[in-house]
Amino acid sequence: MSEIVERCDVLIKGGQVIDGTGQPARSADVAITGDRIVALGALNVERAEHVIEATGQTVTPGFIDVHTHDDRLVMSNPEVTPKLSQGVTTVVVGNCGISLSPWTGGHTPPPLDLVFSPEPDEYQFPTFAAYADALGKHPSSINVVPLIGHSTLRCGTMDDVDRPATEAEITVMKERLRESLEAGAAGFSTGLFYAPNKPAPAAEVAAIASELPAFQGIYATHMRNEGEGLFDSLDETFDTARRAGCAVVISHHKCQNEKVWGRSVESLARIEAASAEQSVGFDVYPYIAGSTVLLEEMIQPSKRIIVSWSAAVPEAGGRDLSDISAEWGCSDAEAMARLQPGGGIYFSMDEADVDRILSHPMGMIGSDGIPHDVHPHPRLWGTFPRVLGHYARERGLFSLEEGVRKMTGLSAQTFNLKDRGLLQVGAFADVVVFDANTIIDTATFETPKSTAAGIDTVLVNGAIAWQQGAGTGQRSGRLLSNPGVT
Ligand code: ZN
Ligand code: CU
């Protein structure tokens, strides 16, 4: 028996629907009118303005990239091609303690330069409301879930970030966070590993994060240490979130140092144990290399380093640091110092840990892509198709349905994204149509800017934003506010 639908705007016909809950795929048509899914199942549609033939294809909710640094990209490249081309329809921005707003001026030390423009007065927003307003006037192709970064708050508030904040400075940062949350920001992030954030004790973080519960805001953290100090950092993270009374997401969980390789067995057990007592989640990207600014302390744990950009020596982008230091006849540390400011790709993880963390049922997918690098880590363009094509299909680490859940249903639930992340009647029509037999990343460490294979169509809030290998020019993305504001 098929359901009769008089008319709809878009009909996705004959595909295998994976709904984002982890339930098995099933044959179904999807009818969309306006920005919502209006019918799903065996449909008899009398009139559809637009039909997408999906026979032989898989239809899923749009992918949610829960860990990005796309704060400026969504404005400077509103098509957001690296993400839209993968099937990503929503990005969480402002991670690792770095957000573009609220920015009250001053110097932008690394790692703030990962998102801030090198041009002095470009893309600067004194308040989060100003950022939201700019994005509202010039929307991007995808939805944006904004976090407010602790390093941004510190650099904008304190004359000297090499120390803990004073009570008065904490009061100002709390006010700026609260004001941002009132204007719709979804949460708060730290990058306690990084110089501008590191001097903040847990008490400072907990005091600021205590603004979150009133808005159901999320606390996301790039922890102080992901190597030998991993377990202390996990304890600190759980404790801080308990003191603040908020939900916490551990960013890009990893065992980043040979000395802790294999210990994801324990770290995952600790995360599971904590999740019985409080709201905890984590994200992960599907690669054994990480990427950030050029940092001397990353030389020791890395087996190989690729320079992703260098302001001092632009032609170094894409080259191995060890080749450069050999050519210059100096140490890696000396070469790195000469390349500053810049970015690097660091091979510091073990595949077995990455497999284990990716496979864990609590693991959400976040690319951590760094969009303005000259020679970016391939995760910027490849993360989501790689999880589905390489890890699910080729390696069989988990089912396709489970892979989809990790990038849709689980992510929307964790970040309180109402009516997103699931294909069901009444949900927003963020949808991807792809070929489950061919979906794969093509971005590599050598050639990182390369669109994935197998993505057919991407819809954002009901509008077709990507089709047949190209953006359509639709700018239907929205800013998704926390549930505490209406
Ligand atoms: Zn980070
Ligand atoms: Cu990050």
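Rules used in this analysis
- Residues numbered from 1 in each chain as written.
- Chains lettered and ligands numbered in written order.
- Predicted model: local features only at pLDDT ≥ 70, side-chain atom pairs only at ≥ 80, totals over all residues.
- Heavy atoms only, no water.
- Domains from an automatic or database assignment.
- Contact = heavy atoms within 4.5 Å.
- Buried area = accessible area lost by both parts, 1.4 Å probe.
- Donors = N, O, S within 2.8 Å, 3.2 Å for Na, K, Ca; no water.
- Helix = DSSP H or I, 4+ residues; strand = E, 2+ residues; numbered from the N terminus.
- Buried < 20%, exposed > 50% of the residue type's maximum accessible area, 1.4 Å probe, protein only.
- Pairing = 2+ DSSP bridges.
- Axes fitted to C-alpha atoms, helices over the stretch in contact; angles between N-to-C directions.
- Parallel < 35°, antiparallel > 145°, perpendicular 65-115°, else oblique.
- Left-handed = near helix turned anticlockwise from the far one by under 90°.
- Nonpolar A, V, L, I, M, F, W, Y, C, P; charged D, E, K, R; others polar.

A separate point is the domain arrangement of the protein chain. Looking at the assigned domains, one finds that the protein chain contains domain 1 (3-61 + 423-471) and domain 2 (63-414). Contact with domain 1, which involves 35 residues of that partner, is made by 39 residues of domain 2. Roughly 2,800 Å² of surface becomes buried between domain 1 and domain 2 when both sides are summed, with 68% attributable to carbon and sulfur atoms. The largest per-residue losses of area from domain 1 upon contact with domain 2 belong to Asp441, Phe445 and Lys449, which jointly make up 23% of the total buried on that side.

For the rest of this paragraph, the subject is the coordination of the zinc ion (ligand 1). Looking at the zinc ion (ligand 1), one finds its protein donor set to be Cys96 (SG), His222 (ND1) and His252 (NE2), positioned 2.0 to 2.3 Å from the metal centre. The distance between the zinc ion (ligand 1) and the copper ion (ligand 2) comes to 3.0 Å, and cysteine 96 binds to both of them. Residue histidine 222 is located in strand 10 (residues 218-222), and its partner histidine 252 is located in the loop between strand 11 (247-250) and helix 8 (264-275); the two are separated by 30 residues in the primary sequence. For the pair histidine 222 and histidine 252, a shared accessibility class is recorded, and that class is buried.

The next point concerns the sheet that holds strand 10. Taken together, the 8 strands give an open sheet; going across it, the order is 6-7-8-9-10-11-12-16, and neighbouring strands pair in parallel fashion. A strand with exactly one partner marks an edge of an open sheet, and here the two such strands are strand 6 (63-65) and strand 16 (363-365). Each neighbouring strand pair of the sheet contributes to a mean axis angle of 30°, computed without reference to strand direction. By the bridge criterion, 4 bridges tie strand 10 to strand 11 in an arrangement that is parallel. Along strand 11, the bridge assignment pairs alanine 220 with valine 249.

Most of the time, phi is negative for any residue but glycine, and the peptide bond is trans. For the peptide bond that leads from serine 101 to proline 102, omega is -10°, which places it in the cis range. Position of proline 102 among the secondary structure elements: in the loop between strand 7 (88-93) and helix 3 (128-137). The step from glutamine 340 to proline 341 runs through a cis peptide bond, and the omega angle for that step is -10°. On the secondary structure map, proline 341 appears in the loop between helix 10 (332-339) and strand 15 (342-347).

This paragraph deals with the side chain of serine 99. When you line up the elements, serine 99 lands in the loop between strand 7 and helix 3. According to the relative accessible area criterion, serine 99 is buried, its value standing at 2%. When sequence neighbours within four positions are dropped, the list of residues in contact with serine 99 reads Asp71, Gly94, Val115, Phe116, Leu147, Ile148, Gly149 and Thr152.

A few words on the packing of helix 8 against helix 11 (residues 351-359). Axis angle and axis distance: for two packed helices, these are the angle between their axes and the distance between the axes, and together they describe the pair. Packing of helix 8 against helix 11 brings their axes to within 10 Å, and their N-to-C directions diverge by 20°. If you check the angle between helix 8 and helix 11, you find them roughly parallel. Every pair of crossing elements has a handedness; the one defined by helix 8 and helix 11 is right-handed. In this structure, helix 8 uses Ser264, Val265 and Leu268 to contact helix 11, whose residues at the interface are Asp353, Arg356 and Ile357. In terms of residue class, the contact of helix 8 with helix 11 is built from 3 nonpolar, 1 polar and 2 charged.

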